Amino acid sequence: MVDAEKVVLVAGAGSSAPGWSIGKATSVLMARSGAKVIALDSNAEAAHATAREIEHIGGICLPLQGDITRPEEMDHVLKIATERFGPVSTLIANAGIGKTGGIQETSVADLQRIQQTNVESLLLLSKRLIPGMIERGAGCIVSVASVAGIRYVGYPHLAYSVTKAALIQMTKLIAHEYADRNIRANTVIPGLIDTPRIQKNVGAVFSSSNDMEEVRKKRDAQVPMKRMGTAWEVAHAIAFLASDQASYITGTELIVDGGLTGKY
Ligand SMILES: NC(=O)c1ccc[n+]([C@@H]2O[C@H](COP(=O)([O-])OP(=O)(O)OC[C@H]3O[C@@H](n4cnc5c(N)ncnc54)[C@H](O)[C@@H]3O)[C@@H](O)[C@H]2O)c1
């Protein structure tokens, strides 16, 4: 759906463990639609694993290692990417981290670290990418937030929730600032998604022994559709917003949560 000739930078294109993450599935969908994909991840092997999936379907991908919180690394990544594929037309701001806990469990350093990845990286990348988008008269940004950024979902996840809320608002502000330059910016808001990261990130909240069967059962039960979503179900929403089919959609959010937020 993302139209050929596009150069798509997927930040957080890898997966934090074997299996399908949202960034990996999104990268494959973008490549399948003919876009050239820059699979950017702080974990080189994870970026390469995504590139292998894309090569497998005959798509075009440049895997690059880089930390989206580091300005010099992003300058380097964008230089290489532009030399290989030309200017970036589409940014998928997907990389995100978190730490469970509320006020007492969250240090100021935790909040700053999580904010750097979840929020400041969008500022950093937008500053670098938007001038080129203005010059070319088109551009697109899709951010990946979380239902935790708009609702309390049953357990304290303070730094994650606060930074995802900020990400939603920053994306909206980008949309408003650049709407008259044909640059669109939207956010996908996933609910409870069955990706490899949940064991490490939130497993202990759902099962004291981090038993994945128990974690899955409890997460499934919370959702009105009685199951978690898949990385692909989120990736399709991202691909739609990144495509020309969404050419009149900007400054909004698309919730992909099996009805979860309706409960709160
Ligand atoms: N899985 C869920 O239930 C869920 C729900 C709501 C929202 N989300 C959001 O969706 C996005 C993807 O989640 P996922 O479950 O597919 O995650 P994941 O952890 O499997 O993948 C994220 C990738 O981002 C990379 N990354 C992290 N920090 C980085 C940095 N500083 N620079 C470059 N790369 C970095 C990681 O190495 C990893 O490969 C995240 O923003 C997450 O917050 C996930």
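Treat the numbers as computed from the prediction; the structure is a model and nothing was measured.

Engineer: How should the overall build of the protein chain be read in this particular structure?
Structural biologist: Per the secondary structure count, the protein chain includes nine helices and seven strands. Overall, the C-alpha framework of the protein chain stretches about 50 × 40 × 35 Å when taken along its three principal axes. Burial statistics for the protein chain: of 264 residues in total, 52% are counted as buried. For the protein chain, the proportion of contacts with a sequence separation of at least 24, taken over those separated by at least 6, is 74%.

Engineer: What is the right way to read the site of the ligand from this model?
Structural biologist: Looking at the ligand, there are 28 residues lining it, with Asp 41, Asn 94, Tyr 160, Thr 195 and Arg 197 nearest. In the model, an oxygen atom of the ligand is placed 2.8 Å from a nitrogen or oxygen of the Ile 22 main chain. Asp 67 places a polar side-chain atom, nitrogen or oxygen, 2.9 Å from a nitrogen atom of the ligand. For the ligand, whose unbound accessible area comes to 830 Å², protein coverage reaches 93%.

Engineer: Where do I start with the layout of surface pockets in this structure?
Structural biologist: The method is simple in principle: a probe with the dimensions of a water molecule rolls over the atoms, and the space it marks as empty is what remains. A volume near 980 Å³ is recorded for the largest pocket. Along its surface, the largest pocket is lined by 46 residues, and Asn 94, Ala 95, Gly 96, Ile 97 and Arg 197 are the ones closest to its centre. Of all elements in the fold, only helix 1 (22-32), strand 2 (36-41), helix 4 (108-136), helix 5 (158-178) and helix 6 (197-201) reach the threshold of two or more residues within the lining of the largest pocket. Residue contributions to the lining of the largest pocket peak at four residues, all from helix 6. Grouping the amino acids of the lining of the largest pocket by side-chain chemistry returns 20 nonpolar, 19 polar and seven charged. Each pocket or cavity is described by its volume, and for the second largest pocket that value is around 210 Å³. Residue composition of the lining of the second largest pocket, by class: three nonpolar, six polar and four charged.

Engineer: How should I be thinking about the nonpolar core in this particular structure?
Structural biologist: Inside soluble globular proteins, nonpolar side chains tend to come together where they are buried. Counting 46 residues, the largest nonpolar core has Leu 9, Ile 38 and Ile 141 as the members making the most contacts within it. Beyond its immediate sequence surroundings of up to four residues, Ile 38 is in contact with Val 7, Val 8, Leu 9, Val 10, Leu 62, Leu 64, Ala 81, Phe 85 and Val 88. Within the second largest apolar cluster, 31 residues are counted, among which are Met 30, Cys 61, Val 188 and Ala 235.

Engineer: I'm lost on the packing of aromatic side chains in this one. Help?
Structural biologist: The way to describe two aromatic rings as a pair is by their centre distance and the angle between their planes. A complete count under the given rule lists two aromatic pairs for this structure. Taking 4.7 Å as the distance between ring centres and 50° as the angle between the ring planes, the aromatic pair formed by Trp 20 and Trp 232 counts as tilted. Taken as a pair, Trp 20 in the loop between strand 1 (7-11) and helix 1 and Trp 232 in helix 9 (residues 231-242) lie far apart in primary sequence, 212 residues in all. Aromatic side chains Tyr 155 and Phe 206 sit 5.6 Å apart centroid to centroid with 80° between the ring planes, which places their arrangement in the edge-to-face category. Of this pair, Tyr 155 sits in the loop between strand 5 (139-144) and helix 5 while Phe 206 sits in helix 7 (residues 203-206), and the two are 51 residues apart along the sequence. Over the face of the ring belonging to Trp 20 we find Lys 24, whose NZ or CZ atom lies 5.2 Å from the ring centre.

Engineer: What am I meant to see in the side chain of Thr 171 here?
Structural biologist: Tracing the sequence through the fold places Thr 171 in helix 5. For Thr 171, the residues in contact, after removing those within four places along its chain, are Leu 122, Ser 143, Ala 185, Asn 186 and Thr 187.

Engineer: Looking at this model, I keep getting lost on the environment of Ser 21. Mind explaining?
Structural biologist: Counting through the fold element by element, Ser 21 comes out in the loop between strand 1 and helix 1. Taking C-alpha positions, Ser 21 is 17 Å from Arg 219, a pair spaced 198 residues apart along the chain. Here Ser 21 is in contact with Gly 14, Ser 15, Thr 195, Pro 196 and Ala 231, once residues within four sequence places are set aside. From its side chain, Ser 21 meets the backbone nitrogen of Lys 24 in a polar contact 3.1 Å long.

Engineer: Can you help me understand the packing of helix 1 against helix 2 (residues 44-56) in this one?
Structural biologist: Geometry of a packed helix pair, given as the angle between the helix axes and the separation of the axes. Direction vectors running N to C along helix 1 and helix 2 enclose 35°, while the axes themselves pass 9 Å from each other. With respect to the hand of their crossing, helix 1 and helix 2 are arranged in right-handed fashion. Mapping the contact onto sequence places Lys 24, Ser 27, Val 28 and Ala 31 in helix 1 and Ala 49, Thr 50, Glu 53 and Ile 54 in helix 2. Broken down by class, the residue content of the contact of helix 1 with helix 2 amounts to four nonpolar, two polar and two charged.

About the criteria used
- Residues numbered from 1 in each chain as written.
- Predicted model: local features only at pLDDT ≥ 70, side-chain atom pairs only at ≥ 80, totals over all residues.
- Heavy atoms only, no water.
- Helix = DSSP H or I, 4+ residues; strand = E, 2+ residues; numbered from the N terminus.
- Buried < 20%, exposed > 50% of the residue type's maximum accessible area, 1.4 Å probe, protein only.
- Contact = heavy atoms within 4.5 Å.
- Near = heavy atom within 4 Å.
- Polar contact = N/O pair within 3.5 Å; in protein donor to acceptor, adjacent residues only side chain to side chain.
- Areas by Shrake-Rupley, 256 points an atom, 1.4 Å probe, with all protein chains shown as cover.
- 1 Å grid on protein atoms, 1.4 Å probe; cavity = no way out; pocket = protein on both sides within 12 Å on 5 of 7 lines; lining within 4 Å.
- Points joined across faces, edges and corners; volume = space filled by probe spheres on them.
- Nonpolar A, V, L, I, M, F, W, Y, C, P; charged D, E, K, R; others polar.
- Core = buried A, V, L, I, M, F, W, Y, C linked by side-chain atoms within 4.5 Å.
- Phe/Tyr/Trp six-rings, centres within 6.5 Å; stacked < 30°, edge-to-face > 60°.
- Lys NZ or Arg CZ within 6 Å of the ring centre and 35° of its normal.
- Axes fitted to C-alpha atoms, helices over the stretch in contact; angles between N-to-C directions.
- Left-handed = near helix turned anticlockwise from the far one by under 90°.

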